[in-house]
Each structure stands twice: as C-alpha cells, then as structure tokens.
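The lines below spell out each chain.
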Amino acid sequence: LAASNFIADLPKLELHLHIEGTLEPELMFELAGRNGVPLPWPDVASLRAAYDFDCLQSFLDLYYRGASVLVTEQDFFDLTWAYLEHCATDKVRHVEIFFDPQTHTARGIPFATVLGGIERALQAGEETFGISWRLVMSFLRHLSEEEAFATLREAEPFLSRIHGIGLDSGEKGNPPGKFARVYAHCRELGLPVVAHAGEEGPAEYIWQAIRELEVCRIDHGVRAADDPELLRYLADTRLPLTVCPLSNTRLKVFDQMAHHNVLRLLEQGLCVTINSDDPAYFGGYMNANFQALADELGATASQLGRLSLNAVEASWLSLADKARLT
Ligand code: ADE
Ligand code: ZN
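The structure displayed is predicted, hence computed values, not measured ones.

(A) Layout of the confidence of the model for the protein chain. On average, residues of the protein chain score 97 in pLDDT, and 99% of them reach the 70 mark or higher. Both confidence scores are given for the complex: pTM 0.98, ipTM 0.98.

Structure below.
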C-alpha cells in the first residue's frame, strides 16, 4: 500500500474533528493580522517549531492560544472552508465535527457568530463538494458542570442547528461523571451524546462515559485495551471508538505509530474508526492518518476498508444515507 491509490480512492467519513484544530499556522497569522490579535510567536516557522508536544495539556495550551485569532463570522467561515477543501481532496464524504463554544464566548465572541460562520461553510461545502455534515457542541471538561449548563442555556435558541453533544479538553482529573447531570439534560432534549474518554485517562473513564453519560460513541478510547471486560463489552455492543492515530503519537499516548493498538482493537471486533482530531497540529488530515497505518502498522486494504465501513456504521446518518455510502 505504498503511495496508495487505494487510500486516496477510499470514501471516508470523519467523526472526530475539532474545527479549531484545523487552524493552519498561515491562516492563524493571517487572522491575527486581520483582527489585531497579538501572538507569542514571531512567525509561522517558530509557531510550527512549537508543535513539539509531550502530552495533551501541552497541546491544549497552544491550541487555545491559537484559537484567540478567531473573531468574526468570516473567520469561522474561512477556518471551516479550508478544512472542507482538505476533505474534498481526501475523498471525505461526510463529517461530524466538534466546536468548542466556551473557547470563544469566554472571550466575548457571540455564540451566533461562531455557529453562523461554521454552519455557512458546511452548507457551502455540501453544495460545492457534496459533503454531508453534523455539528457537535463540546463542553470543556476543565471547566465546571455549572459552566456547561450555562453554555447549554446560551445554546438554547440554536439547538435545532446542533446535532449532538461532546466533551473535550484536559482529561486527567476531569472524569466523565463530573458532567452526569448536564448530560442527562442534553439526552432529555433528544441530543445524541459522545465524550472523549480513555485518551490519556484510564479505562475506568470509558466505563463512566458509558454508564453515567450514556454515550453513543467514545472519542479516542484506546485505553480500553487495559480492561479485558471493557473490550468484551465494546466488541459485543459495537459501541464505536473514534480513534485518531497521528494525534495519539503526537501527544505521546503511544510512543510510536508501530505501537498503536488500533488494528488489534479492529481484529478483536470493536467498531473502531480513523479520524484526524486536530490535523493542523498533528501532521495530517484523513488520508495521512490512513497512510500512517499502512506504512507503520502494515494495515492491509481489507483492514482500511473495514475501518472506513465502521465509520459509516458509527455515523449519525440515516439508514438510507448509510446505504448510499456503502
Ligand atoms: N480538544 C481538541 N483536541 C482534543 C483532544 N485530542 N483531546 C481532548 N480535547 C481536545
Ligand atoms: Zn479530540
């Protein structure tokens, strides 16, 4: 599968993508200039040189700083449009993307500005490239549950335009159970819910996301490998894991790609999918993530095809749309 046409031609779905994590250094500097926002790096090269992370938190510190250049609706449009151009190049047919309203509203950016810009780009991407989409509002887990409730109240006028709820940011010390009440409320509103769990945190956090948050997918979840009972549960139920290989090696969840466990999880019968997480920061979009599995884990065409089909199964598309994609 070297220099693979198979990967380029494989239709893909992306289910774990933070739109703020698609902010390429060049656009970050352009928006910083446009909006008069100061950045601590003198130029693109020194910013890129700072992408040398030793854990999730070291990345998050830079990621939140970078997001401060996003101010106007046009900024959120430009950000999302650039991502969709990558999707078109990589033959990504459907996306379910996260946005972090608290990263922006805390700086005084109106919720409507954030949502409006992202949504307008997604609509344009559907018309231009035929990429269907869902939008997932994520709570920042380093903040309190009360702040998540406040964000949900702020989102209330827009809930018909939001398709699900997620939970991201620093995992260690912020277990899923911290958000049990706000998640119960979201489920009562009829929103499907997902959560990051078992990225850096223990397998126990995956159980919590399942039992206390009643998630329909786990984001990352690779630490499930530490718990044989959890592995059996995930294989039996096919509760999906949205795995992000390049992210995991960049953030030292695995010390090298050759040690990544995604193909073992696949062969154990789990519904694992491949995603890019924060591609501007982790060295590649969807095709690069698939290519890394081929190059460094020896993934076969059959395995890559099954990973892509798993994403169809794991998506929130209707059965008719799923059939169209397979
Ligand atoms: N926010 C953006 N990317 C993230 C990740 N990989 N884990 C947790 N929070 C995030
Ligand atoms: Zn993520």
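(B) Region of the structure containing the environment of L265. Tracing the backbone shows L265 in helix α13 (residues 262-267). Separated by 24 residues in the primary sequence, L265 and L241 place their C-alpha atoms 9.6 Å from one another.

(C) The arrangement of helix α10 (residues 203-211) in detail. Most of α10 sits out of view: seven of its nine residues are buried. Along α10, the positions that sit buried rather than exposed are A203, Y205, I206, W207, Q208, A209 and I210. For α10, the secondary structure elements touched by its buried residues are β5 (194-197), β6 (217-220) and α11 (228-237).

(D) How the structure looks around the site of ligand 1. In the region of ligand 1, the neighbouring residues are H18, L56, F59, L60, Y63, D168, S169, H196, E199, H220, D277 and D278. Between a nitrogen atom of ligand 1 and a side-chain N or O atom of H18, the distance comes to 3.4 Å. Between ligand 1 and the protein, one listed contact pairs a nitrogen atom with a side-chain N or O atom of D278 at 2.6 Å. Relative to its unbound accessible surface of 260 Å², ligand 1 loses 100% to contact with the protein. The cavity where ligand 1 resides is the largest cavity. Examining the composition of the shell around ligand 1, we find that four residues originate from one element, helix α4 (residues 56-67), more than from any other. In terms of residue class, the shell around ligand 1 is made up of four nonpolar, four polar and four charged.

(E) Representation of the sheet that holds strand β1 (residues 12-14). Read from one edge to the other, the open sheet built from four strands follows the order β1-β2-β3-β4, with strand pairing classed as parallel. Each end of this open sheet is capped by a strand with a single partner; those strands are β1 and β4 (164-168). Averaged over all pairs of adjacent strands, the angle between strand axes in this sheet comes to 25°, irrespective of strand direction. Where strand β3 (residues 132-140) meets β4, five bridges bridge the pair, whose relative direction is parallel. Opposite F139, over in β4, you have L167 as the bridge partner. On the sheet, helix α5 (residues 73-89) packs against β1 and β2 (92-99) and is oriented at approximately 150° with respect to β2.

(F) Molecular detail of the packing of helix α2 (residues 25-35) against α5. Following both chains from N to C, one finds α2 and α5 inclined at 170°, their axes separated by 12 Å at the closest point. Here α2 is positioned roughly antiparallel relative to α5, judged by the angle of their axes. Note on element contacts: α5 touches α2 through Q74, D75, D78 and L79, opposite L27, L31, R34 and N35. Split by residue class, the contact of α2 with α5 holds three nonpolar, two polar and three charged.

(G) Structural view of the pairing of β3. Along β3, nine of the nine residues are buried, which leaves the element largely enclosed by surrounding structure. Taking every second residue as pointing to the same face, both faces of β3 are buried, with S132, R134, V136, S138 and L140 on one and W133, L135, M137 and F139 on the other. Taken together, β3, helix α8 (residues 145-155) and β4 form a β-α-β motif whose crossover is right-handed.

(H) Main features of the coordination of the zinc ion (ligand 2). Only H16 (NE2), H18 (NE2), H196 (NE2) and D277 (OD) from the protein coordinate the zinc ion (ligand 2), and they sit 2.0 to 2.2 Å from it. Given four donor atoms and angles of 85 to 176° at the metal, the environment of the zinc ion (ligand 2) is assigned as irregular. Sequence positions of the residues that donate to the zinc ion (ligand 2) give the spacing H-x1-H-x177-H-x80-D. Note that H196 is positioned in strand β5 and D277 in the loop between β8 (272-274) and α14 (279-282), a separation of 81 residues in sequence. Like H196, the residue D277 is buried in the burial classification.

(I) Fine view of the side chain of N287. On the secondary structure map, N287 appears in helix α15 (residues 286-297). Within the structure, N287 has its side chain in polar contact with the side chain of K12 (distance 2.9 Å). Once residues within four sequence positions are removed from consideration, N287 is found in contact with I7, A8, K12, T89 and D90.

What counts and what doesn't
- The residue numbering used here restarts from 1 in each chain and proceeds along that chain's sequence as written.
- As they are written, the chains are lettered A onward and the ligands numbered 1 onward, keeping that order.
- The model is predicted, so local features are restricted to residues of pLDDT at least 70 and side-chain atom pairs to those at 80 or more, both for listing and for counting; the totals for chains, interfaces and linings are taken over all residues.
- Hydrogens and water molecules were not included; the side-chain quantities draw on all heavy atoms of the structure.
- The pLDDT value expresses, per residue, how confident the predictor is, ranging between 0 and 100.
- Only DSSP runs of H or I with at least four residues qualify as helices, and only runs of E with at least two residues qualify as strands; both kinds are numbered from the N terminus onward.
- Exposure categories follow from relative accessible area, calculated using a 1.4 Å probe and restricted to protein chains: below 20% of the type maximum is buried, above 50% is exposed, and the middle band is partly exposed.
- Contacts are assigned to residue pairs that have any heavy atoms within 4.5 Å of one another.
- Residue proximity to a molecule or strand is established when one non-hydrogen atom of the residue lies within 4 Å of it.
- Polar contact is defined as a pair of N or O atoms within 3.5 Å, subject to the rule that within protein one atom must be able to donate a hydrogen and the other to accept it, and that residues adjacent in sequence are counted only when both atoms are side-chain atoms.
- A 1.4 Å probe and the Shrake-Rupley method give the accessible areas. Residues count as covered only by the protein chains that appear here.
- For cavity detection a 1 Å grid was placed over the protein atoms alone, and a set of points counts as a cavity when a 1.4 Å probe fits there but cannot get out; an open set counts as a pocket when protein lies on both sides within 12 Å along at least five of seven lines, with lining residues being those that have an atom within 4 Å of a point.
- Whether a molecule lies in a cavity or pocket depends on its atoms, and more than half of them have to be within 2 Å of the grid points.
- Under this grouping Gly is polar, as are all residues other than the nonpolar Ala, Val, Leu, Ile, Met, Phe, Trp, Tyr, Cys and Pro and the charged Asp, Glu, Lys and Arg.
- A pair of strands is treated as paired once DSSP finds two or more bridges between them.
- All axes are obtained by fitting lines to C-alpha atoms, using only the stretch in contact for helices, and the reported angles, taken between N-to-C directions, cover 0 to 180 degrees.
- Working rule for angles: under 35 degrees goes down as roughly parallel, over 145 as roughly antiparallel, 65 to 115 as roughly perpendicular, anything else as oblique.
- The handedness rule is simple: strands pointing away from the viewer, and a clockwise path from the first strand over the helix to the second, make the crossover right-handed.
- Ligating atoms shown are N, O and S within 2.8 Å of the metal, or 3.2 Å for Na, K and Ca, and water is not included, meaning a site may look less than complete.
- Under the classification used here, a metal with four donors is tetrahedral if each angle lies between 85 and 135 degrees, square planar if opposite donors are over 155 degrees apart and the others between 65 and 115, a six-donor metal meeting that same test is octahedral, and anything else is irregular.

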